[in-house]
Amino acid sequence: MEEKKDDKMEKIVSLCKRRGFVFQGSDIYGGLKGTWDFGPLGVALNNNIKQEWWKMFVDGREDMYGLDAAILMNEKVWEASGHTGAGFADPMVLCTLCEKMQRADHVLKDNGKTGVEGMTTEQIDAKFVSGEDIMCLNCGKRAWSAVKDFNLMFETQVGAEGKQKSYFRPETAQGIFVNFKNVVDSMSPKMPFGIGQIGKAFRNEIAPREFLFRVREFEQMEVEYFVKEENWEAEYAKLLEDIRAWHKHIGLSDENLKEVEVEGNDLAHYSKRTIDFEYNYPGKGFDELAGFAYRTDHDLQNHMKASGTSMEYIEPDGTRYVPHVLEPSFGVGRALTAVLAEAYTEDEMSGEVRTYLKLPVHLAPYRIAVSPLLKNKEQLVGKAREVFSLLKVEFGNVAWDDNGNVGKRYRRQDEIGTPYCVVIDFDTLGEETPDLKDTVTIRHRDTGEQERVAITDLIEKLK
Ligand code: GAP
């Protein structure tokens with residue numbers, strides 16, 4: 001079906017709200033910018049993404065260990081990691097006429113300046129004072145303050161006296177670094193090994209935008225993979241394949257994915273090499289989905305110096321060294337957006353336009369919906385309830401749906417990506433068709449095809 005490109009994202013956002021995937025945060029109070037709440041189907045999809053990731057990057061491997069570190073950490077963590085410094089700040093500039101604070105690099109770009117990526121704050125400031133024509137995006141005039149760095153971390157106080165400063169972590173990674181020694185001491189891992197973590201991260205983004213793409217509270221799925229320095233390139237190549245396999249596993253097609261080598265000045269303050277995985281978001285084009293950084297021994301060395309705790313790994317032969325680190329880092333919200341964009345499909349069925357989510361079975365919020373053909377026929381409902389209980393015990397994410405007629409139920413389940421609908425009808429009761437007794441219809445989401453299956457074979461069939 002012909003799709004107006006920019007419409008697609010709007011349709012997805014609207015479907016997300018209408019069908020209980022994603023709501024604006026604090027909606028009834030007019031929202032809070034950069035925050036989103038996940039509804040019943042959104043949390044199910046999110047959980048499936050996270051579970052699949054955990055299976056692939058932690059449980060499915062011998063060389064990975066899981067962790068769930070606290071969000072609040074000693075402020076010294078962020079000094080040692082470099083996050084309190086300029087490396088984790090955005091350049092801001094104030095228009096002294098209309099008093100609007102703006103991202104200085106965005107102002108330059110919107111004024112047609114090129115080569116802005118990777119400029120230092122001083123270089124950006126020089127452009128504003130150089131007399132070049134850089135106009136305010138708000139009032140169209142030119143009266144700028146000096147460009148200053150704005151740190152993206154949310155600061156908070158710990159305890160009633162509020163004397164101890166802390167931050168809402170801006171990445172889950174540091175929780176892994178500060179527990180490196182604990183994991184080594186408690187688990188005796190062999191090199192190379194990784195520690196994986198899924199959890200919330202917070203950034204006071206100056207311009208949150210584009211649905212879940214740039215938000216202030218989000219979730220990350222991160223691995224810190226510890227290697228001997230001389231092996232980093234070989235291990236990097238292996239993990240690169242794992243990241244590619246992950247994106248395939250969540251159903252993203254090759255043509256909508258791109259790998260971009262991050263150049264010189266654009267590298268994060270800790271990275272010597274980073275590949276960004278970009279996704280072709282509808283109405284936006286290619287932009288970052290996940291990152292894969294070689295963080296050297298930057299973090300472990302800094303924590304060793306700042307805390308006085310050794311971060312050395314000791315090989316069985318007594319060799320000691322501070323490991324280097326490879327970091328595949330994924331944002332859950334961006335993965336969810338990409339999964340929805342990839343799955344969103346419009347086609348024609350029975351002469352009508354239908355919208356459906358072609359989600360992989362392992363990600364669908366509901367794997368199966370069970371319906372009695374009619375909801376006011378006791379025998380049908382009783383039998384359908386039996387089948388529902390059977391499937392619920394086996395699969396867990398099974399929906400009961402007896403609203404409206406069967407056609408409407410199919411459309412509703414298609415729209416939320418349920419791969420299979422199981423319908424209990426008069427044939428199931430076998431009163432007029434004894435040979436069909438205890439069989440049900442399975443209807444397939446993508447093709448609309450239906451097949452008749454014995455209840456005794458249903459679980460195997462659906463597996
Ligand atoms: N530990 C490395 C790190 O945090 P990053 O590139 O800043 O690296 C990793 O973030 C991933 O986290 C990104 O690729 C993206 O998927 C997600 N992410 C980062 N900032 C985000 C934001 N403001 N909103 C949504 N997702 C974000």
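Further up the page is the structure itself.
Below: a short report on this structure. (Residues numbered from 1 in each chain as written. Predicted model: local features only at pLDDT ≥ 70, side-chain atom pairs only at ≥ 80, totals over all residues. Heavy atoms only, no water.)

**Structural notes on the overall build of the chain**
Scanning the chain from N- to C-terminus turns up 14 helices and 24 strands. Seen through its principal axes, the chain has C-alpha atoms that stretch 85 × 65 × 50 Å. Taken over 463 residues, the chain has a buried fraction of 49%. Here the chain contributes 60 positively and 79 negatively charged side chains, and the mean placements of these two sets differ by 3 Å. (Helix = DSSP H or I, 4+ residues; strand = E, 2+ residues; numbered from the N terminus. Buried < 20%, exposed > 50% of the residue type's maximum accessible area, 1.4 Å probe, protein only. Lys, Arg positive; Asp, Glu negative; His and termini not counted. Charge placed at Lys NZ, Arg CZ, Asp CG, Glu CD.)

**What about the packing of helix α2 (residues 40-59) against helix α8 (residues 232-249)?**
Two elements in contact, α2 and α8, have axes separated by 11 Å at closest approach and are oriented at 145°. The two elements α2 and α8 meet at a crossing, and its hand is right-handed. From α2, Ile49, Glu52, Trp53, Met56 and Phe57 reach across to α8, where they touch Asp242, Ile243, Ala245, Trp246 and His249. Across the contact of α2 with α8, the residue classes break down as 7 nonpolar, 1 polar and 2 charged. (Axes fitted to C-alpha atoms, helices over the stretch in contact; angles between N-to-C directions. Left-handed = near helix turned anticlockwise from the far one by under 90°. Contact = heavy atoms within 4.5 Å. Nonpolar A, V, L, I, M, F, W, Y, C, P; charged D, E, K, R; others polar.)

**Details of unusual backbone geometry**
Cis geometry is adopted by the peptide bond preceding proline 192, which originates at methionine 191 and carries an omega value of -10°. By the element assignment, proline 192 lies in the loop between α7 (180-187) and β10 (193-202). Phi at serine 350 is positive, roughly 50°, even though this residue is not glycine. Looking at the element boundaries, serine 350 is found in the loop between β18 (344-349) and β19 (352-357). The class of serine 350 is exposed, set by a relative accessible area of 68%.

Geometry only, nothing functional implied.
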